[in-house]
Amino acid sequence: PQNVGILAIEVYFPCNSVLQSELEVFDKASTGKYTIGLGQDRLGFCTDHEDVISMSLTVVQNLLEKYSIDPTNVGRIEVGSETVIDKSKSIKSCLMLLFQKSGNSDIEGVDSTNACYGGTAALLNAMNWVESSSWDGRYAIVVASDSAVYAEGPARPTGGAGAVAMLIGPDAPIAMNRTCIATYMAHTYDFYKPNLASEYPVVDGKLTQICYLRALDACYNLIGQKYEKQSQQKLSLSDIDFVVCHSPYNKLVQKSFARLLYNDFCNHGASVVDLKPLHAYAGIPVAESYTNRDLEKTLMTISKEEYASKVHPSALIPKQVGNMYCASLYAGLASLLHSQREKLTGKRILMFSYGSGLASSMFFLETRDPSLQSRFNLHHLADSMGLSHLLESRNIVTPEEFNKTMELMETRYGGCNFVPSSPLNQIREGVYHLTGVDEKFRRTYERK
Ligand code: ACO
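Residues numbered from 1 in each chain as written. Predicted model: local features only at pLDDT ≥ 70, side-chain atom pairs only at ≥ 80, totals over all residues. Heavy atoms only, no water.

Brief notes about the site of the ligand
Around the ligand there are 26 residues in total, and Thr31, Lys33, Pro154, Thr208 and Lys255 lie nearest to it. At 3.2 Å, a side-chain N or O of Thr158 approaches a nitrogen atom of the ligand. One nitrogen or oxygen atom from the side chain of Lys251 is found 3.1 Å from an oxygen atom belonging to the ligand. Residue assignment for the shell around the ligand shows that the elements contributing at least two residues are helix H2 (33-37), helix H6 (205-231), helix H7 (250-266) and helix H9 (293-310). Among the elements that line the shell around the ligand, the one with the most residues is H6, at 4 residues. Across the shell around the ligand, the residue classes tally to 9 nonpolar, 11 polar and 6 charged. (Near = heavy atom within 4 Å. Polar contact = N/O pair within 3.5 Å; in protein donor to acceptor, adjacent residues only side chain to side chain. Helix = DSSP H or I, 4+ residues; strand = E, 2+ residues; numbered from the N terminus. Nonpolar A, V, L, I, M, F, W, Y, C, P; charged D, E, K, R; others polar.)

Re the sheet that holds strand S5 (residues 111-112)
Reading across from one edge, S5-S4-S6-S7-S1-S8-S13-S12-S11 is the order of the 9 strands in this open sheet, with mixed pairing throughout. Here the strands that pair on one side only, and so sit at the sheet edges, are S5 and strand S11 (242-245). Where strand S1 (residues 5-12) and strand S8 (residues 174-185) come together, 2 bridges link them in antiparallel fashion. Its bridge partner being in S8, Gly5 is matched across the sheet by Ala175. Across the sheet, helix H3 (residues 52-66) touches S1, strand S4 (74-80), strand S6 (139-148) and strand S7 (160-169), and the angle it forms with S6 is around 145 degrees. (Pairing = 2+ DSSP bridges. Contact = heavy atoms within 4.5 Å. Axes fitted to C-alpha atoms, helices over the stretch in contact; angles between N-to-C directions.)

Looking at the side chain of Thr188
With respect to the helices, strands and loops of the structure, Thr188 is situated in the loop between S8 and strand S9 (191-192). Engagement of the side chain of Thr188 in a polar contact is seen with the side chain of Asp190, the distance being 3.1 Å. Excluding anything up to four places from it in sequence, Thr188 contacts Cys211, Gly357 and Leu358.

Comments concerning the sheet that holds strand S14 (residues 395-396)
An order of S3-S2-S14 is seen for the 3 strands of this open sheet, with the pairing classed as mixed. Looking at which strands have only one partner, the edges of the open sheet turn out to be strand S3 (42-44) and S14. Inspection of the sheet shows strand S2 (residues 16-19) paired to S3 by 3 bridges, in the antiparallel sense. Within S3, the residue paired with Leu19 across the bridge is Arg42.

Things to note about the pairing of strand S15 (residues 432-437)
Of all the 6 residues making up S15, 5 are buried; the element is thus mostly covered by neighbouring parts of the structure. Sheet topology note: the S15/strand S16 (residues 443-447) ladder contains 5 bridges and is antiparallel. Within the sheet, the bridge partner assigned to Tyr432 lies in S16 and is Arg447. Taking the residues that link successive antiparallel strands as the turn, the S15-S16 hairpin has 5 residues, and the phi of Phe441 there is positive, at about 65 degrees. (Buried < 20%, exposed > 50% of the residue type's maximum accessible area, 1.4 Å probe, protein only.)

Brief notes about helix H12 (residues 378-385)
If you check which residues of H12 are buried, you get Leu378, Leu381, Ala382, Ser384 and Met385. Taken down its axis, H12 places every buried residue within 165 degrees of arc, on the same side. Looking one or two places after H12, you find Gly386, whose phi comes out positive at around 55 degrees. (Arc of directions from axis to C-beta.)

Quick look at the packing of helix H11 (residues 328-340) against H12
At their nearest, the axes of H11 and H12 sit 9 Å apart, and the two run at 110 degrees to each other. The angle between H11 and H12 falls in the class roughly perpendicular. Note on packing geometry: the crossing formed by H11 with H12 is left-handed. When H11 is examined against H12, the residues Ala334, Leu337 and His338 are found in contact with a partner set consisting of Leu378, Leu381, Ala382 and Met385. (Parallel < 35°, antiparallel > 145°, perpendicular 65-115°, else oblique. Left-handed = near helix turned anticlockwise from the far one by under 90°.)

Thoughts on the environment of His187
Residue placement: His187 occurs in the loop between S8 and S9. Separated by 169 residues in sequence, His187 and Val18 place their C-alpha atoms 35 Å apart.

Considering the environment of Ala29
One can find Ala29 in the loop between helix H1 (20-26) and H2. Residue class for Ala29 comes out partly exposed when judged on its relative accessible area of 22%. Linking Ala29 and Ser88, residues 59 residues apart in sequence, is a C-alpha distance of 40 Å. Those residues in contact with Ala29 that lie beyond four places of it in its chain are Glu24 and Tyr34.

Some remarks on H11
Taking 1.5 Å per residue as the helical rise, H11 with its 13 residues ought to reach 18 Å, and the 18 Å between its terminal C-alpha atoms agrees with that figure. When you tally the buried positions in H11, you get 11 out of 13 residues, the bulk of the element. Turning to H11, its buried residues are Ser328, Leu329, Tyr330, Ala331, Gly332, Leu333, Ala334, Ser335, Leu336, Leu337 and Gln340. Count one or two residues on from H11 and you reach Arg341, which has phi positive near 50 degrees. (Expected span 1.5 Å × (residues − 1).)

Regarding the packing of H6 against H7
Contact pair H6 / H7: the axes reach a minimum separation of 10 Å and the direction vectors enclose 40 degrees. By the angle between their directions, the pair H6 and H7 is classed as oblique. In the packing of H6 onto H7, the handedness of the crossing is right-handed. On H7, the residues touching Tyr212, Leu213, Leu216, Asp217, Tyr220 and Asn221 of H6 are Leu252, Ser256, Arg259, Leu260, Asn263 and Asp264. Of the residues contributing to the contact of H6 with H7, the split by class is 6 nonpolar, 3 polar and 3 charged.

Here we look at the packing of aromatic side chains
The full count for this structure, using the stated rule, is 12 aromatic pairs. Between Phe191 and Tyr325, the ring centres sit 5.6 Å apart and the planes meet at 85 degrees, which makes this aromatic pair edge-to-face. Taken together, the residues span a long stretch of sequence, with Phe191 in strand S9 and Tyr325 in the loop between helix H10 (316-321) and H11 at a distance of 134 residues. On the accessibility criterion, Phe191 (7% relative accessible area) is buried. Residue Tyr325 is classed as buried on the basis of its relative accessible area, which comes to 1%. A network of ring pairs unites the aromatic residues Tyr67, Tyr139 and Phe376 as a single cluster. Its guanidinium or amino end placed over the ring of Tyr290, Arg259 lies 4.1 Å from that ring's centre, counting from NZ or CZ. Over the aromatic face of Phe364 sits the side chain of Arg348, whose NZ or CZ is 5.5 Å from the ring centroid. (Phe/Tyr/Trp six-rings, centres within 6.5 Å; stacked < 30°, edge-to-face > 60°. Lys NZ or Arg CZ within 6 Å of the ring centre and 35° of its normal.)

That's the geometry; what it means functionally is another story.
Below you can see the structure in the form of structure tokens.
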């Protein structure tokens, strides 16, 4: 099969959100810390009516309906998530609910987990299947779904929640370049979830930032080497139309783009901007380059305009909803599609996926006009997501209510024998929600 990639994409995030500007005041943080310092506008979160399973059910059912996909025509479902509801039973097994009626139980794939990287692991598995000798011509679906919640403290404003589903197959309008993928994996303790009784991670915030940027450097240099080997040309940002990064918070994405420019400077690649101001930092040790504030400031200044054109279009959902963990990178891609629509045709997108602990990959997506008989095109994809409506129709709740919900969710996590008590009117029509967890921890869902 040729041009295997993303045929269609569907995004979901909960209806409730809290304004970061109000959260700053409530947390007694200095004005601008969350909005400018972290670069975030709002934070989306689940009440006890929703979880990663219900959000996954919602995106997959919407995807099937919006594109009239016959459920028997799906041969693989891969799920990426780091939100543990069950240590054994996969989210994928719950998604089989949607296929029961059609009688299709012949669907390979289960869940992949490593912090925010699971969605990318799922995507690579699905891509490999479609390109393999075991492919039977049916679609694969990739689901990335997470609820990102942190204990009270400096990490809490970097939460978020949501899910993305992608239909994978050949002749895709968003095809993956399969010969130029770079991966960097290492053993680190920057963010992990050793306490199985709590939904909250143990996080060393400063270490996560350095690990993320080191992984970005390693992947960019490796993908550059592979690109050069194939094209006999040095890779630089001038060869890339858009950059989409995993977005824990927008400021780190701004810094990542600046860092790519620094790599171009170190590698003497062609440049998209005047790099003269960087000569003052030539030859500084790599370790220092991560912590030198003057260098960072210079990089942020010279990359600002290019950031606005190459990266900002993918920042919409990540800034408005927050970190969706596994779904974050793909919500960024959906934002880019939403802003560019058919103008995205013929572009090269650099994708950077990062999951603490750590697993990271960088790859290119190439957008194209599919063949005439295809019903999957960029214009239709952008329309079908209905992102403007999803974003604008949300509730804004107070920080007090947000914190109360977090307290309620702490009692729900790992619990049984309860019926959700949050108001059901905070769930949109057509959305799957949890109706109860019985004494044997069995969860039931319904579509509103
Ligand atoms: N106006 C403008 N900017 C401000 C203000 C203000 N009033 N106050 C602070 N800032 C800036 C700071 O200078 C800083 O900017 P910098 O990063 O350029 O230095 C930024 O706001 C954040 O302030 P810090 O004091 O560094 O924030 P803190 O250490 O309290 O928390 C952190 C930030 C570490 C990101 C925390 O929220 C966290 O641990 N989050 C979870 C981990 C995470 O998301 N890591 C990212 C990769 S791993 C992953 O995806 C989970």
